[in-house]
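What the coordinates show
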Amino acid sequence: MAQTRRLAELGLRAGIQVTPGHRTAGGGRVIGLGAARIALARSVLTDLRLRRGEPLAAVDHQRHPGRQDQWSLQAKLCGCHTEAARCAPEGAPVVALAGNPNVGKSTLFNNLTGARRHVSNWPGTTVEAGRGAWRAGGATLALIDLPGAYSLDPLSPDEQLTRSLLLDVPERERPDVVVVVMNAACLGRGLYLLSQVRERGMRTVAALTMMDVAAKRGAVLDLERLSTAVGAEAVPLDPRRVRGCVALEQAVERALASDPPAPLALGSAGGDAAHGGEAIEDGLAAADARFTWISGVVDEVTRSVAPDRQTRSDRIDRIVTSPVLGPAIFLGVMWLVFQLTTIVAAPLIDGLDRLVSGPVSSGAQRLLAAAGLGGTWVEGLIVDGLIAGVGMVLTFAPLMALMFAVLALLEDSGYLARAAVVADRLMRLVGLPGRAFVPLIVGFGCNVPAISATRILPSARHRLMTALLVPFTSCSARLPVYVLVGAAMFGERAGTVVFGMYVASIGFIVLGGVLLRVTVLRGTQPEPLILDLPSYQVPVPRILLALTWTRLLAFLRTATGVIVVTVVAVWLLTAIPARSGAGGFGEVEVSDSAFAAVASAVAPVFQPAGFGDWHTAGALMVGFVAKEAVVASWAQTYAAEEPEDLAQPGVLGDAVRADFEETSGGHTGLAGIAFLLFLLGYSPCVATLTAQIREIGLRWAAVGVGMNLLVAWIAAVLVFQIGRILL
């Protein structure tokens, strides 16, 4: 069983002394394993007989060896799927950073490369690895930040990529040096991965982080003995405070100048370690040999260990993961995150919007008028197309920056792991782990940062599924449309209708999750919660700002082109006359434009849902660019003023209601609800789609759009047709 393997890699084995801790909100328990704290689901606990002060009684690794997925991955440092920028010179020595999750590996990478991390989607997967140039001494090294892995026996796409780049490539393409980053407070866990690297005879450097945490917990390590025992130089580091990088640089230089070391002979029971470790089988005998070796190394290099005692993190965890206070604190934190996406960023967004639509647009118009192009199609293209598209991208910048910052804060402080523990039981209903609750909550503010927030999920398959479900969350951009349609169709009951849309959003998420699990993502199941809980720590502002800036730039680079092209395409449709005599290019009325012609061709698709009018079909087309633009599209096509107070829709509301009444055969309210359901569930806006393409690739983004359209259309048609029969 995979979970048995994971327990072993975390150090849980028969005979190991553990400390049973408190119960969590999800029904599981936090246990102590030396200095480490691990959250386990109830289903995992049923296989473990824990008694305070006694060894772990029942994890039978002989019966559950786990399945090995054998597949290869062809990936190069700078190939067709990555940009050549920021690559080290061709032929430069390659250094790979490997290590368990949450050991400071990526922070170290950013320090060494100047916080210029470039993330690439490697061919055939949705797993990411960072790459950059490290100026070490007088040379430039190619540095790879591998995904976090507990071992080279992969249980996830992340670990598979790490194994592939280290082992499943010809020997000449392997890294010249592997820096294994280990948590000094949980030394045994990092030594398992290091032992597998050393068994292959690769040049290795052991980088130990969190030495201060180990010291606070009473562990004092002899690094000279450790270097001798593992056959690799051990270097203390503090990536968060940029300490120890010079010592690491010198250790890597010495490793590069030396011959490859003799393989560490640990797997002779399961393979031929005498032949360079290449034939080692990652089976039970080899694993047992590694565990025996690890126990000996830890005993040898640990000079003194204080009795396991409750730490400040333990005391905080008793509150934030408790069955009663844990969910309340979690909801409070999520409420704050939601407020950031809907309220705090609003003034910044409005300010940028006014800047683009005001001084920037008017300035461009004056320049064009001075050049004799005022009032021409050139002005429309530049002002309503290019400037409007760039302006849309810029208005997302404050929102994205705030979201990236708050997610980095939650992750760096250690709370995000606790949030996963609290939300695990709820999210399992959808087939996702607890951490997936965070991006879904963010999605109710804006889908764009929510897609990017899926990076907090360790499993690539869960990241994919969550990114496909996020567009079903009712973002704040849909709210103006809810209010206008609700007021126009239902009057005083508009508030109830708006609330119903948010309830329907949750239903869409559950329905979409079930649909994905029985179709394109068959077999996706949330693994039972087995989560290493990092110690709480005070976030370092420098790291938060660097991470936020890097992620924001990556988003803007990707989103700008797609959004601008889409906005320009919509403008072109409104500028092209659909028939002769309708006017010249850029001077045609909307009702006589190619936009209206396309909308009229699409409108019959919505007739079974009761709103088959070209005005509404056109508004939904514009909604693909930005959902909040639906109201503006109606105002333009109906030649009515956009109401200042959407709760009092006035002339525009009357025009929309009249068309809905005509197309629905008098079932205006049903058609209104059907329309809102379709608006809620159909294709995400172009910015969200761009974020999806960046995170999960074009093919999966297209699958997501197809699912959104199908679910939204079926829901709208069923509500209208069944309602018409019953009422």
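Residues numbered from 1 in each chain as written. Predicted model: local features only at pLDDT ≥ 70, side-chain atom pairs only at ≥ 80, totals over all residues. Heavy atoms only, no water.

A positive phi angle, near 60°, is found at Met210, a position not held by glycine. By secondary structure assignment, the location of Met210 is in the loop between strand E9 (204-209) and helix H6 (211-216). (Helix = DSSP H or I, 4+ residues; strand = E, 2+ residues; numbered from the N terminus.)

Here the focus is the side chain of Ser474. Following the sequence through the fold, Ser474 ends up in the loop between helix H17 (460-469) and helix H18 (479-490). Here Tyr482 takes part through its side chain, which lies 2.8 Å from a polar atom of the side chain of Ser474. Setting aside its immediate chain neighbours within four residues, Ser474 contacts Gly443, Phe444, Tyr482, Tyr502, Ser505 and Leu680. (Polar contact = N/O pair within 3.5 Å; in protein donor to acceptor, adjacent residues only side chain to side chain. Contact = heavy atoms within 4.5 Å.)

This next bit is on helix H19 (residues 494-518). Given a rise of 1.5 Å per residue, 25 residues ought to cover 36 Å, and the 36 Å separating the end C-alpha atoms of H19 matches this to within 8%. For H19, the full list of buried residues reads Ala494, Val497, Val498, Met501, Ala504, Ser505, Phe508, Ile509, Gly512, Gly513 and Leu516. On its buried face, H19 sits against helix H15 (437-443), H17, H18, helix H25 (668-681) and helix H27 (698-726). (Expected span 1.5 Å × (residues − 1). Buried < 20%, exposed > 50% of the residue type's maximum accessible area, 1.4 Å probe, protein only.)

This part takes up helix H7 (residues 223-230). Residues Leu223, Leu226, Ser227, Ala229 and Val230 constitute the buried set of H7. Here the buried residues of H7 occupy an arc of 170° about the axis, which is enough to place them on one side. Within H7, the exposed residues directed more than 90 degrees away from the buried face are Glu224 and Thr228. With a side-chain oxygen lying 3.2 Å from the backbone nitrogen of Glu224, the N-terminal cap of H7 falls on Asp222. (Arc of directions from axis to C-beta.)

For Trp293, the location among the structural elements is in helix H9 (residues 284-301). Each C-alpha atom, one on Trp293 and one on Leu266, is 7.7 Å from the other, the two residues being 27 residues apart in sequence.

A few words on the pattern of salt bridges. Per the counting criterion, the structure on display carries seven salt bridges. Close ionic contact of Asp145 with Lys105 constitutes a salt bridge, the shortest N to O distance being 2.9 Å. You can see Asp145 sitting in strand E7 (residues 139-145) and its partner Lys105 sitting in helix H3 (residues 105-113), a full 40 residues away along the chain. We classify Asp145 as buried; its relative accessible area is 1%. Lys105 gets classed as buried once you look at its relative accessible area, which sits at 6%. Across the pair Arg694 and Glu695 runs a salt bridge whose closest N-O atoms are separated by 3.4 Å. On the basis of relative accessibility, which here comes to 12%, the residue Arg694 falls in the buried class. One network of salt bridges, with partners in common, ties together Glu199, Arg200 and Arg290. (Salt bridge = Lys/Arg side-chain N within 4 Å of Asp/Glu carboxyl O.)

For the rest of this paragraph, the subject is the packing of aromatic side chains. A full pass over the atoms with the stated rule returns 13 aromatic pairs. Relative to Phe508, the ring of Phe472 has its centre 5.6 Å away and its plane inclined at 55°; by these criteria the two rings are tilted. Placement of Phe472 in the loop between H17 and H18 and of Phe508 in helix H19 is noted, with a sequence separation of 36 residues between them. The pair Phe472 / Phe508 is uniform in exposure class, with both members buried. With centroids separated by 5.0 Å and ring planes inclined at 20°, the aromatic side chains of Phe678 and Tyr682 adopt a geometry described as stacked. You'll find Phe678 and Tyr682 in the same group, each marked buried. (Phe/Tyr/Trp six-rings, centres within 6.5 Å; stacked < 30°, edge-to-face > 60°.)

We now examine the nonpolar core. Among the nonpolar cores identified, the biggest contains 98 residues, and Leu469, Phe611, Trp634 and Phe675 are the most heavily contacted of them. Ranked by residues supplied to this core, first place goes to H25 with nine residues. Those residues in contact with Phe611 that sit more than four places away from it in its chain are Phe606, Thr616, Leu620, Phe660, Thr663, Ala671, Ala674, Phe675 and Phe678. By size, the runner-up hydrophobic cluster in this structure holds 42 residues, among which are Leu152, Val178, Met182 and Val213. (Core = buried A, V, L, I, M, F, W, Y, C linked by side-chain atoms within 4.5 Å.)

All right, on to the side chain of Asn183 then. Tracing the chain through its elements places Asn183 in strand E8 (residues 177-183). Within the structure, the side chain of Asn183 is placed 2.9 Å from the backbone nitrogen of Ala185, a separation counted as a polar contact. Not counting the four nearest positions on each side in its chain, Asn183 is found in contact with Val103, Thr209 and Met210.

Moving on: the environment of Gly445. With respect to the secondary-structure elements, Gly445 resides in the loop between H15 and helix H16 (447-453). A residue is classified by how much of its surface remains accessible, and Gly445, at 2% relative accessible area, is buried. For the pair Gly445 and Thr473, spaced 28 residues apart in sequence, the C-alpha separation works out to 8.7 Å.

Taken together, Val605, Leu710, Trp713, Ile714, Leu718, Ile722, Ile725, Leu726 and Leu727 make up a surface patch of nonpolar side chains, about 940 Å² in accessible area. Looking at the element boundaries, Leu726 is found in helix H27. When its relative accessible area of 66% is taken as the criterion, Leu726 is described as exposed. (Patch = residues over 30% accessible without salt bridge, like charges linked within 9 Å, V, L, I, M, F, W, Y side chains within 5 Å. Areas by Shrake-Rupley, 256 points an atom, 1.4 Å probe, with all protein chains shown as cover.)

Moving on, we get to the confidence of the model for the protein chain. The share of residues in the protein chain with pLDDT of 70 or more is 79%, and the mean pLDDT across the chain is 77. Looking over the protein chain, one finds the lowest element-wise mean pLDDT in strand E5 (residues 118-121), namely 36, and the highest in H25, namely 93. Throughout residues 50-85 the model reports pLDDT below 50, and contacts reaching past four residues in sequence, or to other chains, amount to 78 contacts. For residues 268-282, every residue scores under 50 in pLDDT, and the model assigns this stretch 39 contacts once sequence neighbours within four places are set aside. (pLDDT = per-residue confidence, 0-100.)

Of all six residues in E9, six are buried; the element is thus mostly enclosed. Of the two faces of E9, both are covered, the one formed by Thr204, Ala206 and Leu208 as well as the one formed by Val205, Ala207 and Thr209. Bridge count for E8 against E9 is six bridges, and the pairing is parallel. Looking at E9, one finds that Val179 is bridged to Val205. In terms of handedness, the path from E8 via helix H5 (residues 187-198) over to E9 forms a crossover that is right-handed. Note that E9 and strand E11 (residues 233-236) share four bridges and pair parallel. In the sheet register, Ala206 faces E11, and the bridge partner there is Ala234. (Pairing = 2+ DSSP bridges. Right-handed = clockwise from strand over helix to strand, strands pointing away.)

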